[in-house]
Amino acid sequence: MDPHQHQPIGQADETSPPPSNTAATSCRSCGGPTTCPPPPAWSDISPPPPYRPIRAPAINLPPSNSQQAIILAPVPQAQKTPVVSPPYLFQIPVKRIQTPDDIRHFHDSDSGKNFLGFVVSLSESIRSHKISDPCHQSPILNSILSILQSLIDWVDEIPPVQQSSRYGNLSFRVWQGRLLDNSEQLMLQFLPDDLRSATVELVPYFADSFGNSSRIDYGTGHETNFAAWLYCLARLGLLKEEDYQALVSRVFVKYLELMRKLQFVYCLEPAGSHGVWGLDDYHFLPFIFGSSQLIDHKYMKPKSIHNQDILDNFSKEYMYISCIAFVKQVKKGLFAEHSPLLDDISGVPNWNKVNSGMLKMYKAEVLEKVPIMQHFLFGWLIKWD
C-alpha cells in the first residue's frame, strides 16, 4: 500500500476483526484522514461474510487436465513377477471394476503394481534391440508362436462374406467361434500336467485377446488381455525373465501380425477409439516397446518418423516405425491432421523421454479408464486384493 494512502478503519485485512456498523474516516495507524471512502456499513439483514484470507494458501492444486496429469505422474517401474506355488487355487476370473474407486483400488494393490511392472519389464527387455536380434527362445515360447500362427492360418480358411456393411464382417464371428471351441486344447499343448487345471483362468484372458465377436471390434482392452495372459504364464513360472526379449520381438510381433490381418480381412471396428487424439485406433503396447527399441539409436530420432525412406527401410526391425508406417497406410491426408498426438511426440528430443511418456500414458489412458478396465478379469493369478 502507498504510505500516503492510508487504510480506513474497518477495511478488513488478514488479521483485522470484522468491521463494526459505524463507518470510520480516520487511519487506524496514524489517525490522519484517509484518501479512500469508508466501506459501507453492514446491515442486520446482510451480516458480514465469514473470514476468508486475502491470499490463497500455497498448495499444489490438482492438474487442470489429463495431459498435465500424465506429465506430472511418476514413470512406472519394472517389477519382478511373483511366481505362484502349490497348492494351486485356480478359479474362473470375473469382472470387478465398476467405478473410479475400483480403479484406484486396483492400482494400489500388488496385482496392479505387478501387472504394470511386467509391462515395463517387457519394455526394458527390448531396449536398444532390433526385432531380428538373436535372443533366448524356450520351448513354451515356440509353442505360443505355433498357436498364433495357427490363428493366422484360420483367417485364410475363413474368408470374409459379401455384405453391404463396410465394417464388421460377420465371418469374424465364425473365426471367434473356432477360437472359443479350441482355446482350452491350445493351452494344453504347452501346460505341464500339474498345471492343466490353470486353463480355467488362462482361457478367458486368451479368448478375449483378439476382439469382441458380438460388436466385431478390437481395442487396447483386448490388447491388455493378451498382456495379462502372458503375465499369467509368467506367474505360473512357465515364462521366465530370459524369455522377455523374445516375448516382445517374437511373440508380440506375431500377435501384431495376426491382429492386423484380422483388422484388414474382417474390417474390425476400433473399440472405444479416441479418434484423431489417440495414438492408434487399435494398439498401444507396440508404441511402448517400439520406443524402447530405439533408445540410444545413433541416427533415428523421434522426428525421423517423417522420413519416408526410414519408414520403408526400418519398419521390419522397429515396432514404432512399423506402427507409424501402418498409420500412414490406413489413414489418408496430412499426418499432423489425422494423428496430431503422434505428430507432437515426434518433437520430443529423445526416445528415452518418448518411452517414459508412453508408459505413463498407458497407465493413465488404458489401465485407469473405467470403460476399458470394467471388462478386465480377476481370478487367483491376478487377484482382486
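Please read all numbers here as calculations on a predicted model, not as lab measurements.

Visitor: Can you explain the overall build of the protein? Please cite residues and give values.
Guide: A count of helical and extended segments in the protein gives 15 helices and four strands. Taking all 385 residues of the protein together, 47% fall into the buried category. When contacts within the protein are restricted to residue pairs at least 6 apart in sequence, those whose partners lie at least 24 apart make up 76%. Roughly 19,700 Å² of accessible area belongs to the protein as shown, and the carbon and sulfur atoms make up 53% of that amount.

Visitor: Break down helix H7 (residues 220–235) for me, citing the residues and quoting the values.
Guide: When the terminal C-alpha atoms of H7 are compared, their 22 Å separation across 16 residues agrees well with the 22 Å that a helix rising 1.5 Å per residue should span. Of all 16 residues making up H7, 15 are buried, and the element is well covered by its neighbours. Directly beyond the C-terminal end of H7, a positive phi value near 80 degrees is found at Gly237.

Visitor: Please provide a residue-by-residue account of empty space enclosed by the protein, values included.
Guide: Tallying each qualifying case throughout the model produces one cavity of 30 Å³ or more. Counted as a void, the largest cavity has a volume near 30 Å³. Every residue lining the largest cavity is listed: Leu122, Ala227, Leu230, Leu247, Val248, Phe252, Leu285 and Phe289. When residues of the lining of the largest cavity are traced back to their parent elements, those giving at least two are H7, helix H8 (244–265) and helix H9 (285–293).

Visitor: So what about the environment of Lys301? Which residues, and what values?
Guide: Here Lys301 shows up in the loop between H9 and helix H10 (308–314). Judged by relative accessible area, Lys301 falls into the partly exposed class, the value being 35%.

Visitor: With reference to specific residues and values, describe unusual backbone geometry.
Guide: Each neighbour pair has its own omega, and for Pro86 with Pro87 the value is 0 degrees, a cis peptide bond. The phi angle at Ile216 is positive, at roughly 55 degrees, despite the residue not being glycine. Mapped onto the elements of the fold, Ile216 is located in the loop between helix H6 (199–207) and strand E2 (217–218). Despite not being glycine, Asp296 shows a phi value in the positive range, around 70 degrees. Topologically, Asp296 is positioned in the loop between H9 and H10. Its relative accessible area of 63% is what places Asp296 among the exposed residues.

Visitor: Which residues make up the packing of aromatic side chains, and what values do they have?
Guide: Overall, the coordinates contain 32 aromatic pairs when judged by the stated rule. On the numbers, 6.3 Å between centres and 75 degrees between planes, the contact of Tyr88 with Trp380 is edge-to-face. On the criterion of sequence distance, the pair formed by Tyr88 in the loop between helix H1 (66–72) and strand E1 (94–95) and Trp380 in the segment after strand E4 (377–378) is long-range, its members being 292 residues apart. Since its relative accessible area comes to 25%, Tyr88 is described here as partly exposed. We classify Trp380 as buried; its relative accessible area is 10%. Ring geometry for Phe378 versus Trp384: centroids 5.0 Å apart, planes at 70 degrees, classification edge-to-face. Taking relative accessible area as the criterion, Phe378 reaches 2% and is therefore assigned buried. Take Trp384: its relative accessible area is 25%, and that puts it in the partly exposed class. What links up through ring pairs into an aromatic cluster is the set Trp154, Phe172, Trp175, Phe190, Phe206, Phe210, Phe226, Trp229, Phe252, Tyr255, Tyr266 and Phe289. Note that Arg260 overlies the ring of Phe326, its terminal NZ or CZ placed 4.4 Å from the centroid. Above the plane of the ring of Phe335 lies Lys328, whose end atom (NZ or CZ) is 5.2 Å from the centre.

Visitor: Let's hear about the nonpolar core: which residues, and what values?
Guide: Judged by nonpolar contacts, the single largest core of 108 residues is most densely connected at Leu151, Trp175, Leu202, Phe210, Trp229, Leu262 and Tyr320. The biggest single contributor to this core is H8, with eleven residues. The contact partners of Leu262, leaving out residues within four places of it in the chain, are Val155, Phe172, Trp175, Phe210, Cys267 and Leu268.

Visitor: Explain the packing of helix H3 (residues 110–125) against H9 residue by residue, including any values.
Guide: Put simply, H3 and H9 touch, their axes get as near as 7 Å, and they point 40 degrees apart. When the interaxial angle is binned, H3 and H9 end up oblique. Counted together, Val119, Leu122, Ser123 and Glu124 of H3 and Leu285, Ile288, Phe289 and Ser292 of H9 form the full contact between these two elements. For the contact of H3 with H9, the per-class residue count stands at five nonpolar, two polar and one charged.

Visitor: Quick rundown of the side chain of Ser183? Include the residues and the values.
Guide: Locating Ser183 in the fold gives a position in helix H5 (residues 171–188). Residue classification places Ser183 among the buried positions, given a relative accessible area of 0%. The contact partners of Ser183, leaving out residues within four places of it in the chain, are Val203, Phe206 and Ala207.

Visitor: Explain the environment of Asp296 residue by residue, including any values.
Guide: Here the alpha-carbon distance between Asp296 and Asn350, two residues 54 residues apart in the chain, equals 8.1 Å. Residue contacts for Asp296: discarding those within four places in its chain leaves Arg127 and Ser128.

Visitor: Quick one: what's the story with the environment of Pro286, residue by residue and with numbers?
Guide: Positionally, Pro286 belongs in helix H9. Sequence spacing of Pro286 and Val248 is 38 residues, and the spatial spacing of their C-alpha atoms is 8.9 Å. Setting aside chain neighbours within four positions, we find Pro286 in contact with Glu223, Phe252, Leu256, Met319, Tyr320 and Cys323.

Visitor: Explain helix H14 (residues 351–367) to me, and be specific about the residues and the numbers.
Guide: The terminal C-alpha atoms of H14 lie 22 Å apart, and with 17 residues this matches the ideal 24 Å at 1.5 Å per residue to within 8%. Within H14, 13 of the 17 residues are buried, leaving the element largely enclosed by the surrounding structure. Here H14 starts with a cap whose side-chain oxygen sits 3.1 Å from the backbone nitrogen of Asn352, and that cap is Asn350.

About the criteria used
Residues numbered from 1 in each chain as written. Predicted model: local features only at pLDDT ≥ 70, side-chain atom pairs only at ≥ 80, totals over all residues. Heavy atoms only, no water. Helix = DSSP H or I, 4+ residues; strand = E, 2+ residues; numbered from the N terminus. Buried < 20%, exposed > 50% of the residue type's maximum accessible area, 1.4 Å probe, protein only. Contact = heavy atoms within 4.5 Å. Areas by Shrake-Rupley, 256 points an atom, 1.4 Å probe, with all protein chains shown as cover. Expected span 1.5 Å × (residues − 1). 1 Å grid on protein atoms, 1.4 Å probe; cavity = no way out; pocket = protein on both sides within 12 Å on 5 of 7 lines; lining within 4 Å. Points joined across faces, edges and corners; volume = space filled by probe spheres on them. Phe/Tyr/Trp six-rings, centres within 6.5 Å; stacked < 30°, edge-to-face > 60°. Lys NZ or Arg CZ within 6 Å of the ring centre and 35° of its normal. Core = buried A, V, L, I, M, F, W, Y, C linked by side-chain atoms within 4.5 Å. Axes fitted to C-alpha atoms, helices over the stretch in contact; angles between N-to-C directions. Parallel < 35°, antiparallel > 145°, perpendicular 65-115°, else oblique. Nonpolar A, V, L, I, M, F, W, Y, C, P; charged D, E, K, R; others polar. Polar contact = N/O pair within 3.5 Å; in protein donor to acceptor, adjacent residues only side chain to side chain.

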